[in-house]
Amino acid sequence: MKDCYESPARRGERTEGSQKGFTLIELLIVMIILGLLAALVAPKMFQKVGKSKQQATKAQIAMFGTALDAFRLDVGTYPAAEQGLEALRKNPGRDTWDGPYLPKDIPLDPWGKPYVYRFPGEHGDYDLYSLGADGQDGGEGENADVVSWD
């Protein structure tokens, strides 16, 4: 005859000294899996941040270009290099100025540096660009310059 005795732990009942929960090994395995996922996903996410900053810079440069063109239509020329982009917000002493040509103050680029404006430009009527994340001429990836003439 078979023994029909089933232990309380096997029936799902608590016995003295038994506790439900995770073992140390289970917790370590979960932590290792989370660490591996973070190591795989984090670099991809940081690449997206760099690309989004470059795209935002291109959009801001395009907006400045539109404002500069409106300034030129009213005044007859682009702002002088000494006046810079501030001439889009404050009248530089021109009678035909009909600004402000931008609704808000001139922002810094997404890396917290001012845009570079030159008139006359070397690549067109004017040059307007950001030096990228490194703040240096040239560079690749997020460090690449974002320019108005491309």
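The rules we used
- Residues numbered from 1 in each chain as written.
- Predicted model: local features only at pLDDT ≥ 70, side-chain atom pairs only at ≥ 80, totals over all residues.
- Heavy atoms only, no water.
- Helix = DSSP H or I, 4+ residues; strand = E, 2+ residues; numbered from the N terminus.
- Buried < 20%, exposed > 50% of the residue type's maximum accessible area, 1.4 Å probe, protein only.
- Lys, Arg positive; Asp, Glu negative; His and termini not counted.
- Salt bridge = Lys/Arg side-chain N within 4 Å of Asp/Glu carboxyl O.
- Contact = heavy atoms within 4.5 Å.
- Phe/Tyr/Trp six-rings, centres within 6.5 Å; stacked < 30°, edge-to-face > 60°.
- Patch = residues over 30% accessible without salt bridge, like charges linked within 9 Å, V, L, I, M, F, W, Y side chains within 5 Å.
- Areas by Shrake-Rupley, 256 points an atom, 1.4 Å probe, with all protein chains shown as cover.

A. Layout of the side chain of D109. Topologically, D109 is positioned in the loop between α1 (24-75) and β1 (116-118). For the buried D109, no salt bridge is present, and the opposite-charge side chain at shortest range is K113, 5.7 Å distant. Among residues more than four places away in sequence, those in contact with D109 are Q60, Y115, S130 and L131.

B. Geometry of the packing of aromatic side chains. Enumeration according to the criterion identifies 7 aromatic pairs in this entry. Between the aromatic rings of Y129 and W149, the centroid separation amounts to 5.7 Å while the plane-to-plane angle is 70°, which identifies the pairing as edge-to-face. Remark: W149 occurs in the segment after β3 (146-147) and Y129 occurs in strand β2 (residues 127-130); sequence separation between them is 20 residues. The exposure class of Y129 is buried, given its relative accessible area of 9%.

C. The arrangement of the pattern of salt bridges in detail. Tallied over the full model, the rule gives 4 salt bridges. Among the ionic pairs, E86 bridges to K90, the shortest N-O distance being 3.9 Å. Given a relative accessible area of 57%, K90 falls into the exposed group. With a closest N to O distance of 3.7 Å, R118 and E122 form a salt bridge. Because the salt bridges share partners, they merge into one network encompassing R118, E122 and D127.

D. Main features of a nonpolar patch on the surface. Among the surface-exposed residues, L24, I25, L28, I29, V30, M31, I33, L34 and L37 lie close enough to one another that they form a single nonpolar patch of about 910 Å² accessible area. Assignment of secondary structure puts I29 in helix α1.

Read these as layout, nothing more, since geometry by itself doesn't imply function.
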